[in-house]
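In case you want the letters, here they are:
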Amino acid sequence: MSEVKLTAATRSEFGKGAARRIRRDNKVPAVLYGHGSDPLHLTLPGHELLLALRTPNVLISLDIDGKSNELAIPKSVQRDPIKGFLEHVDLLLVKRGEKVTVEIPVQTEGELAPGGNLLEHVLNALPVEAEATHIPEAVTVSVEGLEAGASIHAKDIALPSGVTLAVEEDAVVLQVLAAQAEEAAEGEETEGAEEAAEA
(Lines give C-alpha, C1' and ligand atoms only; values in the text may rest on other atoms or scores of the structure.)
Protein backbone atom coordinates (compact mmCIF):
# COMPACT_ATOMS: atom_id res chain seq x y z
CA MET A 1 0.00 0.00 0.00
CA SER A 2 1.12 3.54 -0.62
CA GLU A 3 2.54 5.82 2.03
CA VAL A 4 2.02 9.56 1.54
CA LYS A 5 4.18 12.17 3.24
CA LEU A 6 2.44 15.36 4.39
CA THR A 7 3.78 18.37 6.24
CA ALA A 8 1.59 19.25 9.22
CA ALA A 9 1.57 22.21 11.57
CA THR A 10 0.11 22.25 15.07
CA ARG A 11 -2.67 24.77 15.60
CA SER A 12 -3.84 26.63 18.66
CA GLU A 13 -6.90 28.37 17.19
CA PHE A 14 -10.23 26.56 17.34
CA GLY A 15 -13.86 27.20 16.42
CA LYS A 16 -15.66 27.93 13.16
CA GLY A 17 -13.90 31.24 12.47
CA ALA A 18 -10.47 29.67 12.85
CA ALA A 19 -11.48 26.72 10.67
CA ARG A 20 -12.72 29.10 7.96
CA ARG A 21 -9.42 31.00 8.03
CA ILE A 22 -7.49 27.73 7.73
CA ARG A 23 -9.58 26.63 4.74
CA ARG A 24 -9.13 30.06 3.07
CA ASP A 25 -5.38 29.31 3.09
CA ASN A 26 -6.11 26.04 1.21
CA LYS A 27 -5.41 24.04 4.35
CA VAL A 28 -7.57 21.57 6.28
CA PRO A 29 -8.05 21.40 10.06
CA ALA A 30 -7.34 17.92 11.43
CA VAL A 31 -7.10 16.06 14.73
CA LEU A 32 -4.58 13.28 15.37
CA TYR A 33 -5.45 10.89 18.20
CA GLY A 34 -4.71 7.39 19.45
CA HIS A 35 -2.43 5.37 21.72
CA GLY A 36 -3.87 7.13 24.78
CA SER A 37 -2.16 10.40 23.88
CA ASP A 38 -3.87 13.78 24.00
CA PRO A 39 -5.50 14.74 20.68
CA LEU A 40 -3.17 16.87 18.57
CA HIS A 41 -4.81 19.64 16.53
CA LEU A 42 -3.14 20.12 13.14
CA THR A 43 -3.45 21.89 9.83
CA LEU A 44 -2.69 19.93 6.67
CA PRO A 45 -2.12 21.05 3.06
CA GLY A 46 -5.52 20.84 1.36
CA HIS A 47 -4.60 19.76 -2.17
CA GLU A 48 -2.07 17.12 -1.10
CA LEU A 49 -4.51 15.74 1.48
CA LEU A 50 -7.31 15.57 -1.11
CA LEU A 51 -5.05 13.57 -3.45
CA ALA A 52 -3.96 11.27 -0.60
CA LEU A 53 -7.56 10.52 0.42
CA ARG A 54 -8.33 9.15 -3.04
CA THR A 55 -6.69 5.96 -1.76
CA PRO A 56 -8.91 4.24 0.86
CA ASN A 57 -7.16 3.79 4.23
CA VAL A 58 -4.08 5.61 2.93
CA LEU A 59 -1.09 5.53 5.27
CA ILE A 60 -0.02 9.11 5.96
CA SER A 61 3.46 9.97 7.22
CA LEU A 62 3.17 13.29 9.06
CA ASP A 63 6.08 15.67 9.47
CA ILE A 64 4.77 17.75 12.39
CA ASP A 65 6.39 21.19 12.75
CA GLY A 66 9.61 19.67 11.43
CA LYS A 67 10.12 18.09 14.87
CA SER A 68 8.38 14.73 14.86
CA ASN A 69 7.22 12.11 12.39
CA GLU A 70 4.06 10.13 12.99
CA LEU A 71 2.12 7.55 10.99
CA ALA A 72 -1.65 7.87 10.72
CA ILE A 73 -4.65 6.58 8.79
CA PRO A 74 -7.83 8.61 8.09
CA LYS A 75 -10.68 7.65 10.42
CA SER A 76 -13.30 10.28 9.61
CA VAL A 77 -13.47 12.74 6.72
CA GLN A 78 -15.97 15.61 6.66
CA ARG A 79 -16.69 17.25 3.31
CA ASP A 80 -18.86 20.21 2.40
CA PRO A 81 -22.15 18.59 1.25
CA ILE A 82 -22.53 20.98 -1.71
CA LYS A 83 -19.05 21.97 -2.86
CA GLY A 84 -17.29 18.78 -1.76
CA PHE A 85 -14.19 20.42 -0.29
CA LEU A 86 -12.60 18.96 2.84
CA GLU A 87 -13.88 20.53 6.06
CA HIS A 88 -12.15 18.41 8.69
CA VAL A 89 -10.25 15.13 9.02
CA ASP A 90 -9.77 12.83 12.01
CA LEU A 91 -6.54 10.83 11.85
CA LEU A 92 -5.72 7.74 13.89
CA LEU A 93 -2.16 7.42 15.13
CA VAL A 94 -0.64 4.04 14.19
CA LYS A 95 2.71 2.29 14.63
CA ARG A 96 4.52 0.03 12.18
CA GLY A 97 3.60 -3.57 12.91
CA GLU A 98 0.42 -2.59 14.78
CA LYS A 99 -2.88 -4.22 13.78
CA VAL A 100 -5.81 -1.91 13.02
CA THR A 101 -9.44 -2.55 12.10
CA VAL A 102 -10.49 -0.83 8.88
CA GLU A 103 -13.06 -1.23 6.11
CA ILE A 104 -11.76 -1.97 2.62
CA PRO A 105 -13.82 -1.52 -0.57
CA VAL A 106 -15.28 -4.61 -2.25
CA GLN A 107 -14.81 -4.66 -6.04
CA THR A 108 -16.36 -7.19 -8.39
CA GLU A 109 -15.24 -8.73 -11.68
CA GLY A 110 -16.95 -11.00 -14.17
CA GLU A 111 -20.48 -11.26 -15.54
CA LEU A 112 -23.53 -12.74 -13.81
CA ALA A 113 -25.34 -15.66 -15.44
CA PRO A 114 -27.61 -14.52 -18.32
CA GLY A 115 -31.14 -13.49 -17.41
CA GLY A 116 -30.96 -9.86 -16.32
CA ASN A 117 -30.25 -10.63 -12.66
CA LEU A 118 -29.14 -7.86 -10.32
CA LEU A 119 -26.08 -7.83 -8.07
CA GLU A 120 -26.68 -6.29 -4.65
CA HIS A 121 -23.77 -5.07 -2.53
CA VAL A 122 -25.01 -5.90 0.99
CA LEU A 123 -21.64 -4.64 2.30
CA ASN A 124 -19.88 -2.00 0.19
CA ALA A 125 -16.81 -2.34 2.38
CA LEU A 126 -15.43 -5.36 4.22
CA PRO A 127 -14.30 -4.87 7.86
CA VAL A 128 -10.85 -6.42 8.29
CA GLU A 129 -7.92 -6.37 10.66
CA ALA A 130 -4.55 -5.69 9.06
CA GLU A 131 -1.13 -4.36 9.91
CA ALA A 132 -1.24 -0.55 9.71
CA THR A 133 1.48 -0.43 7.06
CA HIS A 134 -0.02 -3.25 4.95
CA ILE A 135 -3.71 -2.37 4.57
CA PRO A 136 -5.01 -3.63 1.21
CA GLU A 137 -6.60 -0.92 -0.95
CA ALA A 138 -9.51 -3.21 -1.90
CA VAL A 139 -10.58 -6.82 -2.35
CA THR A 140 -11.78 -8.16 -5.70
CA VAL A 141 -14.49 -10.81 -5.88
CA SER A 142 -15.44 -12.79 -8.99
CA VAL A 143 -19.20 -12.94 -9.67
CA GLU A 144 -18.69 -14.83 -12.95
CA GLY A 145 -21.71 -17.02 -13.77
CA LEU A 146 -23.55 -16.46 -10.49
CA GLU A 147 -27.30 -17.04 -10.71
CA ALA A 148 -30.27 -15.60 -8.84
CA GLY A 149 -30.26 -16.62 -5.20
CA ALA A 150 -26.48 -16.96 -5.04
CA SER A 151 -24.64 -15.06 -2.34
CA ILE A 152 -21.03 -14.49 -1.37
CA HIS A 153 -20.19 -14.51 2.33
CA ALA A 154 -17.27 -12.82 4.07
CA LYS A 155 -15.53 -16.21 4.53
CA ASP A 156 -15.65 -16.79 0.73
CA ILE A 157 -13.42 -13.77 0.01
CA ALA A 158 -9.71 -14.43 -0.37
CA LEU A 159 -7.74 -11.98 1.76
CA PRO A 160 -4.06 -11.08 1.41
CA SER A 161 -1.59 -12.66 3.83
CA GLY A 162 -1.73 -11.11 7.31
CA VAL A 163 -5.27 -9.75 6.81
CA THR A 164 -8.15 -11.28 8.80
CA LEU A 165 -11.91 -10.68 8.87
CA ALA A 166 -13.31 -8.28 11.46
CA VAL A 167 -16.90 -9.34 10.72
CA GLU A 168 -18.88 -12.58 11.14
CA GLU A 169 -17.69 -15.21 8.64
CA ASP A 170 -21.29 -15.83 7.54
CA ALA A 171 -22.03 -12.14 6.88
CA VAL A 172 -23.45 -11.74 3.36
CA VAL A 173 -21.30 -9.38 1.29
CA LEU A 174 -22.90 -9.80 -2.16
CA GLN A 175 -26.10 -11.45 -3.34
CA VAL A 176 -27.75 -11.98 -6.71
CA LEU A 177 -31.40 -10.97 -7.03
CA ALA A 178 -33.79 -12.24 -9.68
CA ALA A 179 -34.73 -9.38 -11.99
CA GLN A 180 -38.26 -10.61 -12.77
CA ALA A 181 -39.34 -10.35 -9.12
CA GLU A 182 -38.63 -6.62 -9.23
CA GLU A 183 -40.31 -6.22 -12.63
CA ALA A 184 -43.40 -8.03 -11.36
CA ALA A 185 -43.61 -5.73 -8.35
CA GLU A 186 -43.34 -2.69 -10.64
CA GLY A 187 -46.05 -4.16 -12.88
CA GLU A 188 -48.41 -4.56 -9.92
CA GLU A 189 -47.83 -0.94 -8.90
CA THR A 190 -48.59 0.23 -12.45
CA GLU A 191 -51.77 -1.83 -12.59
CA GLY A 192 -52.87 -0.44 -9.23
CA ALA A 193 -52.23 3.11 -10.41
CA GLU A 194 -54.21 2.49 -13.62
CA GLU A 195 -57.16 1.07 -11.64
CA ALA A 196 -57.09 4.05 -9.31
CA ALA A 197 -57.02 6.42 -12.28
CA GLU A 198 -60.04 4.65 -13.87
CA ALA A 199 -61.97 4.82 -10.60
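Computed from a predicted model, the values in this text were never measured in an experiment.

Our focus in this paragraph is the overall build of the chain. Across its full length, the chain carries three helices and 13 strands. Counting every position in the chain, which comprises 199 residues, the buried fraction comes to 34%. When contacts within the chain are restricted to residue pairs at least 6 apart in sequence, those whose partners lie at least 24 apart make up 64%. Carbon and sulfur atoms form 48% of the exposed surface of the chain, whose accessible area is close to 11600 Å².

Across soluble globular proteins, nonpolar side chains have a tendency to be buried as a group. Among the nonpolar cores identified, the biggest contains 23 residues, and I73, V94 and L126 are the most heavily contacted of them. Breaking this core down by element, the ones donating at least two residues are β5 (68-79), β6 (86-94), β7 (99-109), β9 (125-131), β10 (139-142) and β13 (172-177). Examining the composition of this core, we find that four residues originate from one element, β7, more than from any other. When sequence neighbours within four positions are dropped, the list of residues in contact with I73 reads N57, V58, L59, D90, L91, L92, V94, V100, V102 and I135. Listed in part, the 19 residues of the second largest apolar core include L42, L44, I60 and L93.

Let's shift gears to the sheet that holds strand β11 (residues 151-153). Within a sheet, each strand pairs with its neighbour through backbone hydrogen bonds, oriented either parallel or antiparallel. Read from one edge of the open sheet, three strands run β8-β13-β11, paired in antiparallel fashion. Unpaired on one side and paired on the other, β8 (118-121) and β11 mark the two borders of the sheet. Put simply, the sheet's adjacent strands are angled 10 degrees from each other on average, direction ignored. Examined bridge by bridge, β11 and β13 share three bridges and lie antiparallel to one another. Bridging from a neighbouring strand, S151 pairs with Q175 of β13.

Turning to the side chain of N57, a few remarks are in order. Within the secondary structure layout, N57 lies in the loop between α2 (46-52) and β4 (59-64). Polar contacts involving the side chain of N57 include one to the main-chain carbonyl oxygen of E103, which spans 2.8 Å.

Note on placement: H47 falls in helix α2. Residue classification places H47 among the exposed positions, given a relative accessible area of 54%.

What counts, and at which threshold
- Residues numbered from 1 in each chain as written.
- Predicted model: local features only at pLDDT ≥ 70, side-chain atom pairs only at ≥ 80, totals over all residues.
- Heavy atoms only, no water.
- Helix = DSSP H or I, 4+ residues; strand = E, 2+ residues; numbered from the N terminus.
- Buried < 20%, exposed > 50% of the residue type's maximum accessible area, 1.4 Å probe, protein only.
- Contact = heavy atoms within 4.5 Å.
- Areas by Shrake-Rupley, 256 points an atom, 1.4 Å probe, with all protein chains shown as cover.
- Core = buried A, V, L, I, M, F, W, Y, C linked by side-chain atoms within 4.5 Å.
- Pairing = 2+ DSSP bridges.
- Axes fitted to C-alpha atoms, helices over the stretch in contact; angles between N-to-C directions.
- Polar contact = N/O pair within 3.5 Å; in protein donor to acceptor, adjacent residues only side chain to side chain.

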